[in-house]
Amino acid sequence: CGGGEKTGETTGEGEQQATTETQNLVFGSDTSYAPFESYDANGKLEGFDVDLIDAINEVSGLNIEMKTYDFKGLIPALETATIDGAISAMTITEERKQKVDFTVPYYKSGLATAVKADNQDIQGYDDLDGKKIGVQTGTTGELEASKVPNAEVVSFDTIDGAFMDLTNGAVDAVVNDFPVTAYYIAQGNDQVKIVGDLQTSEYYGIAIPKQKPEVLEKVNAALETLKENGKYAEIYKKWFSV
Ligand code: ARG
């Protein structure tokens, strides 16, 4: 009998050892933002950010799992450390840096203005005065659209809602991250076009709660490894080869 108990103790120690080797973490993401994070036809999560997390898991002692959140819910969840991080094509901004930490930048982006393909009136962001602009709630696109004089900003939980309203004429334009709008158009939505220059230049970072500097350090180290060993370039090419 006593021998059996001892065996149990030994197994317990083994389990403890395993936990220190891999660290299970949950990173939030608004998973309706192709080509960064979206579900494919078979319900499988895919995208640039998804591949990046897989690669980070491979080179670090981390086991990060992505979990779907509303984009606007990510910063609050990070502030309370309800999640261990967020990867969601999230722009590094001064305002957000007051609340969360960011890894080194991993993608250069910027805001594009999109209109219906037959629109001759709006040639770029500077022509949005007095127009109805669709955006995603809590994004830099929403912030930038709110600066346009006399414009009515219509905010959606996901960018799909804004694109839908643009297509059916309920809004005049959508202000959103260029790679995402360009990907949407390339998927066969050629009733929409991008006009003018990019309105901003932005860098995406992975956001980490300020309470978890050890996670930040590990993810930064992993990103550096992936840039050095060519894996980052490989993932970039997979999603953004022209
Ligand atoms: N880059 C923009 C921002 O940080 C938009 C990001 C939206 N991301 C998403 N997965 N919906 O505000």
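For the structure, check the block above.
Overview of the structure. The structure presented is a predicted model; accordingly, all values stated were derived computationally and were not measured. (Residues numbered from 1 in each chain as written. Predicted model: local features only at pLDDT ≥ 70, side-chain atom pairs only at ≥ 80, totals over all residues. Heavy atoms only, no water.)

1. Remarks on the packing of aromatic side chains
Then step 1. As enumerated under the stated definition, the model contains 16 aromatic pairs in all.
Then step 2. An aromatic cluster is defined as three or more aromatic residues linked by ring pairs; in this entry it consists of Phe36, Phe48, Tyr106, Tyr107, Tyr204, Tyr232, Tyr236 and Phe240.
Then step 3. Just above the ring of Tyr232 sits the side chain of Lys227; from NZ or CZ to the centre is 5.5 Å. (Phe/Tyr/Trp six-rings, centres within 6.5 Å; stacked < 30°, edge-to-face > 60°. Lys NZ or Arg CZ within 6 Å of the ring centre and 35° of its normal.)

2. Overview of the packing of helix H2 (residues 48-59) against helix H8 (residues 213-228)
In helix packing, the relevant descriptors are the interaxial angle and the interaxial distance, both defined with respect to the helix axes.
Then step 1. Packing of H2 against H8 brings their axes to within 9 Å, and their N-to-C directions diverge by 100 degrees. Overall, the two elements H2 and H8 adopt an arrangement that is roughly perpendicular. Along the contact surface, H2 presents Leu52, Ala55, Ile56 and Val59, while H8 presents Val219, Ala222, Leu223, Thr225 and Leu226.
Then step 2. When the residues that make up the contact of H2 with H8 are grouped by side-chain class, the tally is eight nonpolar, one polar and no charged. (Axes fitted to C-alpha atoms, helices over the stretch in contact; angles between N-to-C directions. Helix = DSSP H or I, 4+ residues; strand = E, 2+ residues; numbered from the N terminus. Parallel < 35°, antiparallel > 145°, perpendicular 65-115°, else oblique. Contact = heavy atoms within 4.5 Å. Nonpolar A, V, L, I, M, F, W, Y, C, P; charged D, E, K, R; others polar.)

3. Some remarks on the packing of H2 against helix H9 (residues 231-240)
Then step 1. Following both chains from N to C, one finds H2 and H9 inclined at 160 degrees, their axes separated by 10 Å at the closest point. Relative to H9, the element H2 is oriented roughly antiparallel. Once H2 is placed against H9, the crossing between them reads as right-handed. For the pair H2 and H9, contact is made by Phe48, Asp51, Leu52 and Ala55 and by Lys231, Tyr232, Ile235, Tyr236, Lys238, Trp239 and Phe240, respectively. (Left-handed = near helix turned anticlockwise from the far one by under 90°.)

4. Overview of the layout of surface pockets
Then step 1. Taken as a whole, the largest pocket encloses approximately 280 Å³ of empty space.
Then step 2. Along the walls of the largest pocket sit 14 residues, with Ile75, Glu95, Arg96, Gly138 and Thr139 positioned nearest its centre.
Then step 3. For the lining of the largest pocket, the secondary structure elements donating two or more residues are helix H3 (71-79), helix H4 (94-97) and helix H5 (140-145).
Then step 4. Ranked by residues supplied to the lining of the largest pocket, first place goes to H3 with four residues.
Then step 5. For the lining of the largest pocket, the residue count by class is four nonpolar, four polar and six charged.
Then step 6. In terms of domain composition, the lining of the largest pocket takes at least three residues from each of domain 1 (19-108 + 203-240) and domain 2 (111-200).
Then step 7. Taken as a whole, the second largest pocket encloses approximately 220 Å³ of empty space.
Then step 8. Taken together, 14 residues make up the lining of the second largest pocket; nearest its centre are Phe178, Pro179, Ala182, Trp239 and Phe240.
Then step 9. Secondary-structure elements contributing two or more residues to the lining of the second largest pocket are strand E7 (107-109), helix H7 (178-186) and H9.
Then step 10. With five residues, the top contributor of residues to the lining of the second largest pocket is H7.
Then step 11. Residue classes in the lining of the second largest pocket are distributed as eleven nonpolar, two polar and one charged. (1 Å grid on protein atoms, 1.4 Å probe; cavity = no way out; pocket = protein on both sides within 12 Å on 5 of 7 lines; lining within 4 Å. Points joined across faces, edges and corners; volume = space filled by probe spheres on them. Domains from an automatic or database assignment.)

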